[in-house]
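Read off the chains here:
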Amino acid sequence: MDRLANVEGMEHILRLRDLPSFCRASDLADSGLQLVMTETQKATRADGLILNTFEDLEGSTLALIRKHFPQLYTIGPLHANFKSRMPKQTTSSPRSSNSLWQEDRSCMVWLDAQPQKSVIYVSFGSM
């Protein structure tokens, strides 16, 4: 059985193959692993952590994360929110895509109408 025994709260659930490739690196000097470790260490300086998930889905894991990041905010699932806000697709009005490669500029009119320095931009990356 390839279950990971040393990941608190996930002992009987998580398999090695469930982890991203950088977590399966056999060399601690692996550049992908080093990047994640560096960014994780930087996160400890933050006043809070925002995650694209919700309590009912990952409550036990979030409780463990809160031991290190007490100011943890869950605002997901963002893709479901996006999908629910989109109008129904018709032939005359094609639905916008949530493609990672297609830039969505629909917020620009609203953004341009806001006072200077009154909006906080948060990026969850390209995935």
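Residues numbered from 1 in each chain as written. Predicted model: local features only at pLDDT ≥ 70, side-chain atom pairs only at ≥ 80, totals over all residues. Heavy atoms only, no water.

### Observations regarding the overall build of the chain
Thought 1: For the chain, the helix and strand inventory stands at four helices and two strands.
Thought 2: For the chain, the residues scored as buried account for 9% of the 127 residues in total.
Thought 3: For the chain, long-range pairs separated by at least 24 residues make up 26% of all intrachain contacts whose partners lie at least 6 apart in sequence.
Thought 4: Roughly 10,900 Å² of accessible area belongs to the chain as shown, and the carbon and sulfur atoms make up 56% of that amount. (Helix = DSSP H or I, 4+ residues; strand = E, 2+ residues; numbered from the N terminus. Buried < 20%, exposed > 50% of the residue type's maximum accessible area, 1.4 Å probe, protein only. Contact = heavy atoms within 4.5 Å. Areas by Shrake-Rupley, 256 points an atom, 1.4 Å probe, with all protein chains shown as cover.)

### Looking at the pattern of salt bridges
Thought 1: Within this structure, the stated rule accounts for three salt bridges.
Thought 2: Here Arg66 and Glu55 are joined by a salt bridge, their closest N and O atoms 2.6 Å apart.
Thought 3: According to the relative accessible area criterion, Arg66 is partly exposed, its value standing at 27%. (Salt bridge = Lys/Arg side-chain N within 4 Å of Asp/Glu carboxyl O.)

### Here's the deal with the side chain of Thr53
Thought 1: Mapped onto the secondary structure, Thr53 falls in the loop between β1 (49-51) and α2 (55-66).
Thought 2: A relative accessible area of 5% places Thr53 in the buried class.
Thought 3: At 2.4 Å, the side chain of Thr53 and the side chain of Glu58 are in polar contact.
Thought 4: Excluding anything up to four places from it in sequence, Thr53 contacts Glu58, Leu62, Thr74, Ile75 and Gly76. (Polar contact = N/O pair within 3.5 Å; in protein donor to acceptor, adjacent residues only side chain to side chain.)

### Concerning a nonpolar patch on the surface
Thought 1: A cluster of nonpolar side chains, Ile50, Tyr73, Ile75, Ile120 and Val122, forms an exposed patch at the surface whose accessible area comes to about 490 Å².
Thought 2: Tracing the chain through its elements places Ile120 in the segment after α4 (108-112). (Patch = residues over 30% accessible without salt bridge, like charges linked within 9 Å, V, L, I, M, F, W, Y side chains within 5 Å.)

### Things to note about the confidence of the model for the chain
Thought 1: With 75% of its residues at a pLDDT of at least 70, the chain reaches an overall mean of 77.
Thought 2: Here residues 92-96 scores under 50 on pLDDT; set against residues more than four positions off or in separate chains, the count is seven contacts. (pLDDT = per-residue confidence, 0-100.)

### Details of the environment of Gln114
Thought 1: Residue placement: Gln114 occurs in the segment after α4.
Thought 2: One polar contact links the side chain of Gln114 to the main-chain carbonyl oxygen of Trp110, over a distance of 2.9 Å.

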